[in-house]
Amino acid sequence: KIKGKLEKIHCRVKGLINKSYSMQDSKGITKIALIGKPNVGKSSLFNKIINQDHSIISEIEGTTRDIIEKRMLLGETEINLLDTAGIRKTQNKIEQIGIDKTLEHIEKSSIIVIIDDQNPEKTYKRFKNKTWVLVQNKIDKFPKTQKNNVFHISCKNNDGIDSLITHLSTLVDLKVDDIYKNYSYTINERQKRLLIKIQTMVRNFIHNSKTSDLT
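Think of each chain on its own: its residues are numbered from 1, step by step along the sequence as written. Per-residue local features are limited, in this predicted model, to residues with pLDDT of at least 70; the limit for side-chain atom pairs, both in listing and counting, is 80 or more; totals at the level of whole chains, interfaces and linings are taken over all residues. Water and hydrogen atoms play no part in the side-chain values, which are based on all heavy atoms of the structure.

Caption draft 1: Local environment of the sheet that holds strand S3 (residues 68-74). Across the sheet, six strands lie side by side as S3-S4-S2-S5-S6-S7; this open sheet has mixed pairing. Whereas interior strands pair on both sides, the edge strands pair on one side only; in this sheet they are S3 and strand S7 (150-152). Looking at each pair of strands side by side, their axes are set apart by 25 degrees on average, direction ignored. Contacts from helix H2 (residues 42-50) reach strand S2 (30-36), S3, strand S4 (77-83) and strand S5 (111-116) within the one sheet, and its direction differs from that of S4 by about 155 degrees. Two strands qualify as a pair provided DSSP detects at least 2 bridges between them. Where helices and strands are cited, they refer to DSSP runs of H or I of at least four residues and of E of at least two residues respectively, numbered from the N terminus. Fitted lines through C-alpha atoms serve as axes, helices being fitted only where they are in contact, and the angles separating the N-to-C directions of these axes extend from 0 to 180 degrees. Whether two residues are in contact is decided by their heavy atoms: any pair within 4.5 Å suffices.

Shown next, in the form of structure tokens:
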């Protein structure tokens, strides 16, 4: 009889954990990946968004070979912003590792920002199944593309950056709203740890107990 009651408690606690949303949980962090060919200004845009000189900027193609990640607030929502390796065909094994990592992170990202200096739509076709934003950088150097749904920016002159950040903040808020739709409760990290501790203790007791122990 006691064992049966404990099994019901275990199911109830497990359900609470599965239906609870915690901002500290990785599931609550929206990932935004900046992607594109080498030398189109991904690292420059990354630095503009986080307002720091965090990524190395160089005219040499393939400078970024590892994922650079920054957790930050975009509006009132916490995100992980990723600066990724430029996507291109290469014979350099080290650079290829960075490109492979980029493709892995694209799959895990909620939003991808596709950056090009002339035709971002060409890169977009490869990732059209994701939530995406098309950005043409270096409008101080190249004419603006006439394609629809493209943000035109110049990291060099700070043109269009604020509008792009506002749009990304709106997309992130929509993603968070979708998360809330899937969960019934909001809990903090301490409450979640306690629920997990209760679940583990009850589960272990059920597993280790024998009928003779409960008589």
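Caption draft 2: Focus on the pairing of S5. Taking burial as the measure, the six residues of S5 include six buried ones, the bulk of the element. Under the scheme applied here, a residue whose accessible area is under 20% of the maximum for its type counts as buried, over 50% as exposed, and between as partly exposed, the area being computed with a 1.4 Å probe on protein chains only. Of the two faces of S5, the one carrying Ile 111, Val 113 and Ile 115 and the one carrying Ile 112, Ile 114 and Asp 116 are both buried. Pairing of S5 with strand S6 (residues 131-136) involves six bridges; the strand directions are parallel. Opposite Ile 115, over in S6, you have Val 135 as the bridge partner.

Caption draft 3: Region of the structure containing the packing of helix H1 (residues 2-18) against helix H6 (residues 189-208). It is the contact of H1 with H6, at a shortest axis distance of 9 Å, that shows an interaxial angle of 150 degrees. By the criterion of interaxial angle, the relationship of H1 to H6 is roughly antiparallel. Where H1 crosses over H6, the two elements pack in a sense that is left-handed. From H1, Lys 3, Leu 6, Glu 7, Ile 9, His 10, Val 13, Lys 14, Leu 16 and Ile 17 reach across to H6, where they touch Leu 195, Ile 196, Ile 198, Gln 199, Val 202, Arg 203, Phe 205 and Ile 206. When an angle is under 35 degrees it counts as roughly parallel; over 145 it counts as roughly antiparallel; between 65 and 115 it counts as roughly perpendicular; any other value is oblique. Handedness of each helix crossing follows the sense of rotation of the near helix against the far helix: counterclockwise by less than a right angle gives left-handed, clockwise gives right-handed.

Caption draft 4: Representation of the pattern of salt bridges in the model. Salt bridge, as applied in this entry: a Lys or Arg side-chain nitrogen positioned within 4 Å of an Asp or Glu carboxyl oxygen. Going through the model one piece at a time under the given rule, you end up with two salt bridges. Between Asp 116 and Lys 37 there is a salt bridge, and its shortest N-O distance comes to 3.6 Å. Of this pair, Asp 116 sits in strand S5 while Lys 37 is found in the loop between S2 and H2, placing the two residues 79 residues apart along the sequence. By relative accessible area, which is 38% here, Lys 37 ends up partly exposed. Glu 78 serves as the salt-bridge partner of Arg 71, at 3.8 Å between the closest nitrogen and oxygen. Owing to a relative accessible area of 46%, Arg 71 belongs among the partly exposed residues under this scheme.

Caption draft 5: Here's a closer look at helix H3 (residues 93-108). Given a helix with a known number of residues, its expected span is that number minus one, times 1.5 Å. The end-to-end C-alpha distance of H3, which contains 16 residues, comes to 23 Å, matching closely the 22 Å that a straight helix rising 1.5 Å per residue would cover. Of all the positions in H3, only Glu 95, Gly 98, Ile 99, Thr 102, His 105 and Ile 106 are classed as buried. Each buried residue of H3 sits inside an arc of 120 degrees when the element is viewed along its axis, so together they form one side. Of the residues in H3, the exposed ones pointing more than 90 degrees away from the buried face are Lys 93, Glu 107 and Lys 108. Each element contacted by the buried residues of H3 is listed here: S2, S4 and S5. In this description, the arc belongs to the directions extending from the helix axis to the C-beta atoms.

Caption draft 6: View of the side chain of Ser 109. Structurally, the position occupied by Ser 109 is in the loop between H3 and S5. Under the rule applied, a polar contact is a pair of N or O atoms within 3.5 Å (in protein, one hydrogen donor and one hydrogen acceptor; residues adjacent in sequence only if both atoms are side-chain atoms). A distance of 2.7 Å separates a polar side-chain atom of Ser 109 from the backbone oxygen of His 105. Discounting residues that sit within four places of it in the chain, Ser 109 has contacts with Lys 31, Ala 33 and Lys 130.

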